[in-house]
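Spelled out from the first residue to the last, the chains are:
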Amino acid sequence: MKVLVLASLSYSLVNFRGALLRRMVAEGHDVVACAPDEDPVTSGELRKMSVAFRRVPMDRIGTNPVRDLGTLWAIGKTIRSEAPDVILAYTQKPIVYGGIAARLAAPGAGFFAMVSGLGHVYSDDGTTSRKTQFLRPLISLLYRVAVRRAAGIFVFNADDEAEMRRHAILSPRQRATQVPGSGIDTVQFAQQPFGNGPPTFLLIARLMRNKGISEFVAAAAAVRERYPDARFQILGPAEPGAAGFSAEEMAAWKGGGVEYLGTTRDVRPHLAAASVFVLPTYYREGLPRTILEAMAVGRPIITTLTPGCRETVIPGENGLLVPPRDVTALADAMAALARDPERIRAMGARSRRLAEECYHVGKVNSLLLSEMGLIGASTVRPMRRALGDHRLAERTLAWIALLAAVPVMALVAVSVGLFLGRPVLFRQRRAGLDGDVFELVKFRSMQDLRDGQGNILPDAARLTRFGRLLRRSRLDELPELWNIASGEMSFVGPRPLLPETVQNMGEGGKHRGQVRPGLTGWAQVNGNALLSDADKLALDIWYVDRRSLTRDLWIVLRTIATLFGGERISQRHVGRAYASVADRRG
């Protein structure tokens, strides 16, 4: 299937959805990711994942209706151009304008909305402005139109679902699936030991006022009066406009004992250096990724009793919860941990266990893909017809190729007789379709050399320069055209192996035997002799699950290119094959 993913920030495609995109690709889907900003690092990472990128103009935080109409038009144009089977949109504007555009441009596509947080318009913290009071019903209406015919809706917390139903965004008959946030890769974010220095409190967020940054700075000043050695740090990109902070305000933080660390693409070193993670937000969060990252690294959490944040903390076990905008409560919570290092360590260990048990990215992505019909029984596709399924045409073509190759084969046969001796042909029993045994025939490429006891010498000792030339040019395999003409092999498929080798592969061997073995195959054009046996098996299984006439023709062309350019391992294809095999096994 073709999957189109709509985002409002390109960085999030890799940082928050990277594992999900890789899983989609591993399942054999064509994935196209869209965002309004294109930066070289993100584009490069997406290319490594085999994910295409399309830029779609979008004013991420603006409310200009003309610009938003431009966004709607651009998304619609992209959808018409890409013709996806499935569309996944996350964050407010991609959901609203992606959902509307999908209804207009691709009514047959499955549209899925991932509500990663409803945002400040739906925050009820006692500070609702007139602008918010005006925008809330308008945005609710746009949401309602966008998701009315959605194939699925994902929410990160129960509060968001309740709020969407309260504002009639969801109809009574629409079902929302709650998922534990974006999930976290507990290998990438490994548990880190605590340092021996003074307690360090770290806040990671975009520098927006509603993230509780001013409250953090004020609380830090209060805590420093009791614990002068305590350190307080803020990490995150600046936010332009009135929603963010001026340079003068940020400079004043240092005078209050708060370090601004700037921004980074890798938060792990900063989390490892911290003792406690703090997010005093009063923004309507979904389930903050930064909290999950801190939990995975093994750090206690201090956050607010706001939707999305409170779900991550078991009070007193892995962290503390405070009311939003309450500087005194925040300072008391930080002070309570500053005076008790052992409590910090115990809470950090509990955070790590929760990250592993509840928020592992593999579990989250399996749930998402299953709901979208991109994995499991709902995605089992009948094996598509490939070159080997056109039996009459393939055998006819093999006979023609065999007759055309007679002069070359005669020359090779004479050369083999002169350089390697007789017999000229090498014959061996190999496993074919469904494990049926046949006799493979090819030109001999090694000498018959034995030791004093009559035991045959290792291959390396028997392979001459002429034999290597035969193998490098694949001329030794020309007689296999006879096996193809006889119906025992195909032009493209997994290479035929010894029956005992296939048997030792277990279920993997049975799976690759669902099609006829080939003269060339997916493993042969992605590294061949440079690959391990495990690499080849993963590639063969991936091919069997996704074979098609188009792919077979591409493999034939790639084989010809390999004859001239030499063998090279495609790490991308090998990695994708391993991921696919791992996912299928669960």
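For the structure, see preceding data.
So, here's what we can say about the structure. (Residues numbered from 1 in each chain as written. Predicted model: local features only at pLDDT ≥ 70, side-chain atom pairs only at ≥ 80, totals over all residues. Heavy atoms only, no water.)

Quick notes on the sheet that holds strand β11 (residues 276-279)
An order of β10-β9-β8-β11-β12-β13 is seen for the six strands of this open sheet, with the pairing classed as parallel. In this open sheet, the two strands that pair with only one neighbour each are β10 (258-260) and β13 (319-322). For this sheet the average axis-to-axis angle between neighbouring strands, irrespective of direction, equals 20 degrees. Two elements, strand β9 (residues 231-235) and β10, share three bridges in a ladder whose sense is parallel. Within β10, the residue paired with I234 across the bridge is Y260. Helix-sheet contacts for helix α11 (residues 289-297) involve β8 (200-204), β11 and β12 (301-304), and the interaxial angle to β11 is about 170 degrees. The strands that helix α12 (residues 327-338) touches are β8, β9, β11, β12 and β13; relative to β13, the one it contacts most, it runs at about 165 degrees. (Pairing = 2+ DSSP bridges. Helix = DSSP H or I, 4+ residues; strand = E, 2+ residues; numbered from the N terminus. Axes fitted to C-alpha atoms, helices over the stretch in contact; angles between N-to-C directions. Contact = heavy atoms within 4.5 Å.)

Re the pairing of strand β15 (residues 437-443)
Counting buried positions along β15 gives five out of seven residues, so the element sits mostly inside the fold. Looking at chain direction, strand β14 (residues 425-431) and β15 are connected through seven bridges and run antiparallel. Bridge assignment links R429 to a residue of β15, and that residue is E439. (Buried < 20%, exposed > 50% of the residue type's maximum accessible area, 1.4 Å probe, protein only.)

A short note on the pairing of strand β4 (residues 86-90)
The buried fraction of β4 is high, at five of five residues. Of the two faces of β4, both are covered, the one formed by V86, L88 and Y90 as well as the one formed by I87 and A89. Relative to β4, strand β1 (residues 2-6) runs parallel, the two sharing four bridges. Within β4, the position partnered with L6 by the bridge is A89. Where β4 lies against strand β5 (residues 110-115), five bridges are found, and the strand directions are parallel. Residue I87 lies in a different strand from β5, and its bridge partner there is F111. In this view, the connection linking β4 to its parallel neighbour β5 by way of helix α5 (residues 92-105) has right-handed handedness. (Right-handed = clockwise from strand over helix to strand, strands pointing away.)

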